[in-house]
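Okay, here's what each chain looks like letter by letter:
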Amino acid sequence: RPRVLSGIQPTAGSFHLGNYLGAIRQWVALQETHDAFYCVVDLHAITVEQDPKVLRQNTRVSAAQLLALGIDPDRSALFVQSHVPEHAQLGWVLQCLTGFGEASRMTQFKDKSTRQEAGVGVGLFTYPILQAADILLYQAHHVPVGEDQRQHLELTRDLAQRFNTRYGKTFRLPEPYIVKDTAKIYDLQDPTSKMSKSVPAGVVELLEDPKRSAKKIRSAVTDTGREIVYDPENKAGVSNLLVIYSALTGRSVESLVADYDGKGYGDLKKDLGEVFTDFVTPVRARVAEYLDDTAELDKVLARGAERARSVAAKTLSRTYDRIGFLPTG
Ligand code: ATP
Ligand code: MG
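Since the model is a prediction, treat every value here as computed from it, not as a measurement.

**Q** In this structure, what is going on with the overall build of the chain? I would like to understand it.
**A** When helices and strands are tallied, the chain shows 13 helices and five strands. The C-alpha radius of gyration of the chain comes to 21 Å, within 12% of the 20 Å expected for a compact globule of 329 residues. In terms of overall dimensions, the chain has C-alpha extents of about 75 × 45 × 40 Å along its principal axes. The buried share among the 329 residues of the chain stands at 49%.

Rendered as structure tokens:
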């Protein structure tokens, strides 16, 4: 079976609709066909300041959400990144292979560093290189992510290729797995920028009160027209709502447009609020159950880390050997 690897940050506690539709939904589906490794990337979370208590809680909340959304820990290795030290170790090796100019071209760093008010750490700058290590350690064939990660996947492939050329074939070159329809879910208050954990304006969170989500959906920014049509260029807000509606119900955008012919934005928003509430209600209940027994949850994560480590350790030791590091006796 081909391998798949992906990760998600525990920074906000709750995941948002973009995380689910752009990434996690694919993680769940790929369990059927792939040998899957999924991690909560706490090392990435500390690229911005974290309160230790909150980080610990958010890491468990993140794992509970992945389980509640359908990650099956008997089939997939579900783990926490810091439990597998090989990530940081390979990350250093890859940093030494990355050009400063090359890293400077990452557009996400430019976006995030300008948004950040407190000082910007070097970790935020080098995080795509650690992410490359996350992927290459598992010799992943596919990496299910949203559109915003495409450039980082390109960097990962470049670094793998560079290492392979210099030291002999060591890493598989991974392919991004990006589902076009839901690759970029937009912020409800600013339908020109992506819904994002770090910009909490028009973000629909899975763990907030669904009444609050429904209200956010009702007050989503749309245009001054009245017709419900799919036109991302001129009607970004309405188009975003249609994409979300379609993804949550499995109905095509065209059939939704046909159904809402003659109705107004208010009808669409109200109905989508209900669709979302129906989707999220059982998920929230399952999250609460997993969080009710953190001892069991921690055990699941320990088991996942053990599985992950058995793969990661092999890749790292081959890598160290290729570089010329002395064996450990
Ligand atoms: P941050 O803004 O802090 O980077 P985030 O919302 O991007 O947070 P991540 O944990 O970085 O969340 O991303 C987890 C996964 O969700 C990644 O695969 C990412 O591509 C995907 N993703 C994030 N936002 C969206 C979005 N708006 N639409 C589709 N996919 C998304
Ligand atoms: Mg992100």
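**Q** Would you take a moment to explain unusual backbone geometry for this structure?
**A** Note: most residues except glycine have negative phi, and most peptide bonds are trans. A positive phi angle is found at Gln-139, which is not glycine, with a value near 50°. On the basis of relative accessibility, which here comes to 12%, the residue Gln-139 falls in the buried class.

**Q** So what exactly am I meant to see when it comes to helix α3 (residues 52–69) here?
**A** Between its first and last C-alpha atoms α3 spans 26 Å; for 18 residues at 1.5 Å apiece the expected length is 26 Å, and the two agree. Those residues of α3 not exposed but buried are Leu-55, Asn-58, Thr-59, Val-61, Ser-62, Ala-63, Ala-64, Gln-65, Leu-66, Leu-67, Ala-68 and Leu-69. Taking the backbone nitrogen of Lys-53 as reference, a side-chain oxygen 3.1 Å away marks Asp-51 as the first, capping residue of α3. A positive phi of about 120° marks Gly-70, the residue just after α3.

**Q** Even after reading the chapter, I still don't get the UniProt feature "binding site: L-tryptophan" (unreviewed entry) in the chain, so can you show me in this structure?
**A** Cross-referencing UniProt, the feature "binding site: L-tryptophan" (unreviewed entry) maps to Asp-134 in the present numbering. Structurally, the position occupied by Asp-134 is in helix α7 (residues 122–136). In contact with Asp-134, not counting residues within four places along its chain, are Leu-5, Val-41, His-44, Gln-81 and His-87. A polar atom in the side chain of Asp-134 sits 2.9 Å from the side chain of Gln-81.

**Q** Got a minute to help me understand the nonpolar core in this structure?
**A** General note: in soluble globular proteins, nonpolar side chains tend to be found buried as a group. Counting residues in each nonpolar core, the largest one holds 53 residues, and the members touching the most others are Leu-66, Phe-276 and Phe-279. No other element matches the nine residues that helix α12 (residues 265–292) contributes to this core. Filtering out sequence-adjacent residues up to four positions away, Leu-66 remains in contact with Ile-8, Phe-15, Ile-24, Trp-27, Val-40, Ile-71 and Leu-78. Counting 35 residues, the second largest nonpolar core, distinct from the first, contains Cys-39, Leu-94, Leu-97 and Tyr-138.

**Q** Explain the pattern of salt bridges here, please?
**A** Opposite charge on two side chains permits them to pair, given that their charged atoms come into close proximity. Counting across every chain of the model gives 16 salt bridges. With a shortest N-O distance of 2.9 Å, Asp-259 and Arg-251 are connected by a salt bridge. The network of salt bridges with shared partners includes Glu-32, Asp-72 and Arg-75.

**Q** Just checking my understanding: could you explain the layout of surface pockets for this structure?
**A** In this structure, the largest pocket encloses a volume near 940 Å³. Along the wall of the largest pocket there are 45 residues; nearest its centre are Gln-9, Lys-112, Gln-149, Lys-194 and Lys-197. Where the lining of the largest pocket is concerned, the elements lending two or more residues are β1 (3–8), α1 (17–30), α6 (107–115), α7 and β4 (142–144). Of the residues contributing to the lining of the largest pocket, the split by class is 17 nonpolar, 19 polar and nine charged.

**Q** Looking at this model, I keep getting lost on empty space enclosed by the protein. Mind explaining?
**A** Where empty space is left in the structure can be found by rolling a water-sized probe over the atoms. Enumeration according to the criterion identifies one cavity of 30 Å³ or more in this entry. Approximately 40 Å³ is the volume found for the largest cavity. What lines the largest cavity is simply Pro-73, Ser-76, Ala-77, Leu-78, Val-300, Arg-303, Gly-304 and Arg-307. When contributions to the lining of the largest cavity are tallied by element, the ones reaching two or more residues are β3 (77–80) and α13 (294–323). Of the residues assigned to the lining of the largest cavity, the class counts are four nonpolar, two polar and two charged.

**Q** Help me out: how do you make sense of the site of ligand 1 in this one?
**A** As a structural note, the neighbourhood of ligand 1 is formed by 21 residues, with His-16, Lys-112, Asp-148, Lys-194 and Ser-196 the closest of them. Here an oxygen atom of ligand 1 and a backbone polar atom of Gln-9 are 3.0 Å apart. Within the side chain of Lys-112, a nitrogen or oxygen atom sits 2.6 Å from an oxygen atom of ligand 1. The leading source of residues in the shell around ligand 1 is α1, at four residues.

**Q** Can you walk me through the packing of aromatic side chains in this structure?
**A** Both the distance between ring centres and the angle between the ring planes are used here to describe each pair of aromatic rings. All chains considered together, the criterion is met by 11 aromatic pairs. Through pairs of rings, three or more aromatic residues link up here, namely Tyr-20, Phe-276 and Phe-279. Between Lys-263 and the ring centre of Tyr-260, over which it is positioned, the NZ or CZ distance is 5.2 Å.

**Q** Any chance you could explain the confidence of the model for the chain here in plain terms?
**A** With 100% of its residues at a pLDDT of 70 or more, the chain has an overall mean of 96. Per the prediction output, this complex has pTM 0.96; the corresponding ipTM is 0.98.

**Q** Quick question: what am I supposed to make of the pairing of strand β2 (residues 35–40) here?
**A** Successive residues of a regular strand alternate their side chains across the two faces of the sheet. Of all six residues in β2, five are buried, a share of seventy percent or more. Across six bridges, the pairing between β1 and β2 is parallel. Counterpart to Val-4 in the pairing with β2 is Ala-36. Regarding topology, α1 serves as the crossover connection from β1 to the parallel β2, and that connection is right-handed. Where β2 lies against β3, four bridges are found, and the strand directions are parallel. Across the sheet, Phe-37 pairs through a bridge with Ala-77, a residue of β3.

Conventions used here
Residues numbered from 1 in each chain as written. Chains lettered and ligands numbered in written order. Predicted model: local features only at pLDDT ≥ 70, side-chain atom pairs only at ≥ 80, totals over all residues. Heavy atoms only, no water. Helix = DSSP H or I, 4+ residues; strand = E, 2+ residues; numbered from the N terminus. Rg over C-alpha atoms; globule rule 2.2 N^0.38 Å. Buried < 20%, exposed > 50% of the residue type's maximum accessible area, 1.4 Å probe, protein only. Expected span 1.5 Å × (residues − 1). Polar contact = N/O pair within 3.5 Å; in protein donor to acceptor, adjacent residues only side chain to side chain. UniProt positions renumbered as here; feature names shortened; annotations may be inferred. Contact = heavy atoms within 4.5 Å. Core = buried A, V, L, I, M, F, W, Y, C linked by side-chain atoms within 4.5 Å. Salt bridge = Lys/Arg side-chain N within 4 Å of Asp/Glu carboxyl O. 1 Å grid on protein atoms, 1.4 Å probe; cavity = no way out; pocket = protein on both sides within 12 Å on 5 of 7 lines; lining within 4 Å. Points joined across faces, edges and corners; volume = space filled by probe spheres on them. Nonpolar A, V, L, I, M, F, W, Y, C, P; charged D, E, K, R; others polar. Near = heavy atom within 4 Å. Phe/Tyr/Trp six-rings, centres within 6.5 Å; stacked < 30°, edge-to-face > 60°. Lys NZ or Arg CZ within 6 Å of the ring centre and 35° of its normal. pLDDT = per-residue confidence, 0-100. Pairing = 2+ DSSP bridges. Right-handed = clockwise from strand over helix to strand, strands pointing away.

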